[in-house]
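Geometric and topological summary
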Amino acid sequence: TISGNVNLQSYPPLNIISLGTALKTEFNSIVDLHLIDGQIDSVECILNELKTISPDLVGVSIYCTSINNSIKIIRYAKNLGAKTILGNDHAMFHYANLLQQINELDYVCISDEGEFTLVSLLRYLIFKKIDLVDIHGLAYRNGNKIIKNENIRSSINKLNYFDRLPIPDRGLLQKRYWSYYLMSFKKQNHKSFDANNITGVTTINRARGCARFKNPCRYCGISDLSLRGSSGDIFWKDVRQGYYDVNANYFYEAFDSATSWIFLLKDWVKCKPKDLDTSFFMYSQANETTSKTVKLFKELGVKGINTGFDSGDDFAIHLLKSKRNSLASNKKAADLWTEANIEIHTSFVLAAIGDEKSTRASLESTVKFAEWLACNTMLVSMDSAVLYPDKGSIAGSWIWNPEIAIKESKKLGWSFLNYELLNKISKKWRNKVFIDPNELASDFADVCGVSISVLLEYDEEIKKIASGHKLNYGNSQGGRI
């Protein structure tokens, strides 16, 4: 019942496939793996399957599909006698509250590279040859104390950092899922290619990080933005395996953002096999988009890009990103991708900026920009969402640590915040496990001086534009969880 990203159900969850592959590689037949996609199967179906499997260990991504659902699965698994572990960035930031308040939860993975943490945990659970304290990137209880084993970053060259991750065995996920992803993908509208020629879709992630790692977008909740990649050789081996495993010829590369590391992309292009005819959907940043960047993406085989324009108003863009970004750079990037016949997926972040008059003027500019994109560019899909400040983002950190808000927010241009109200909502949210994103977003809009109802008006306007131009549309978050 939760509305989701426009690409929901079109791509598989690479996280559980990669984790499963790491366990299969390490333990082979010692471990019996069952992978379940919670964006397709209902919670009731998942619980029934757990009852049939009677597992020893159950791992859940905390936003698959919600905190409520994730904890429900964890509690059910514990009642079946299983050990339980939660992962993903949200779990990483909220690990202490989770372990303190959810008795059925045994572990939280706090590593960006959970494959190594999970392999070590199973070595501990199966063989007892290591101690919990030696498992990097893991949080757990020891009596009344919460223990956090810090993740230790490898010193491996960042250009081939992820070469050590085994190539995902996509065959670990049931065949019925792959048919569903392809069907969902083909239902979407496209402009630059015929989706009927796509034989399979899958997710790949051979690089991570962003050039903004020292100054991230204010809403970004990605825990680790440092640049790390895979060599061109391993990248294409992964692509080839995806084709063999599930007949995939359209790959969603989750490197956010690929325009941040042109040198790496050049290596991938250099190593591109002549016998593979594959297409990609990749991330880009508007202010990093140049004609050379677009040419490189084209050579790689990119047919669609995901670029967060965020707003059509310079002031809001400066607040959400930085003063290096602008409406002009957004438009220039859109023109460049359009000239190259590369499809555009974009997202808008609807933010309150101090008072209703200013906010409405800003959002009117965003609606005008969205209409321009729909009429003049290769735009095929849009997401819109009210600014949701989770703990891992800069804006969210002000809620969980209001003492730093005054100095930091003024420096970044957010001096319009109601600091008295910010302290009030901090007390409300700082110890909660079950976080309703709509309610938190509403509270933060109040702190920013505007009712969330104003922001939702403009969400409807963007939705109407998408409908009127037959574009794919989604919400980045929504619904009670």
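Above this text sits the structure in question.
Just so it is clear, the structure is predicted and the values come from calculations on it, not from any experiment. (Residues numbered from 1 in each chain as written. Predicted model: local features only at pLDDT ≥ 70, side-chain atom pairs only at ≥ 80, totals over all residues. Heavy atoms only, no water.)

What to know about unusual backbone geometry
Worth spelling out the cut-off: Secondary structure elements are taken from DSSP: a helix is a run of H or I of four residues or more, a strand is a run of E of two residues or more, and numbering for both begins at the N terminus. Burial classification: accessible surface area is computed with a 1.4 Å probe over protein chains only, and a residue below 20% of its type maximum counts as buried, one above 50% as exposed, and the rest as partly exposed.
Residue Ser257 is bonded to the preceding Asp256 through a cis peptide linkage, with omega at 25°. Relative to the helices and strands, Ser257 resides in the loop between strand S9 (250-253) and helix H9 (262-270). With phi around 55°, Asn28 is a residue other than glycine that occupies positive phi space. Looking at the element boundaries, Asn28 is found in the loop between helix H1 (14-27) and helix H2 (43-53). We classify Asn28 as exposed; its relative accessible area is 56%. Although it is not a glycine, Asn247 adopts a positive phi angle of roughly 60°. Tracing the backbone shows Asn247 in the loop between helix H8 (232-246) and S9.

A closer look at the environment of Lys463
Along the chain, Lys463 falls in helix H18 (residues 452-468). Exposure remark for Lys463: the relative accessible area of 40% places this residue in the partly exposed category. Separated by 203 residues in sequence, Lys463 and Ser260 place their C-alpha atoms 30 Å apart.

Description of the packing of helix H12 (residues 327-339) against helix H13 (residues 356-376)
Our working rule: Note on definitions: angles span 0 to 180 degrees between N-to-C directions of axes, and those axes are lines fitted to C-alpha atoms, for helices only across the stretch in contact. Working definition: roughly parallel below 35 degrees, roughly antiparallel above 145 degrees, roughly perpendicular at 65 to 115 degrees, and oblique for all remaining angles. The crossing is said to be left-handed when, going from far helix to near helix, the turn is anticlockwise and less than a right angle, and right-handed when the turn is clockwise. Residues count as neighbours in contact if any of their non-hydrogen atoms are within 4.5 Å of one another. Residues are grouped as follows: Ala, Val, Leu, Ile, Met, Phe, Trp, Tyr, Cys and Pro are nonpolar; Asp, Glu, Lys and Arg are charged; every other residue, Gly included, is polar.
For the pair H12 and H13, the least separation of the axes is 11 Å and the interaxial angle reads 15°. Put simply, H12 runs roughly parallel to H13. As for how H12 packs across H13, the hand of that crossing is right-handed. Here Leu327, Asn330, Lys331, Ala334, Asp335 and Thr338 of H12 lie close against H13, whose contacting residues are Phe369, Trp372, Leu373 and Asn376. When its residues are assigned to classes, the contact of H12 with H13 shows 5 nonpolar, 3 polar and 2 charged.

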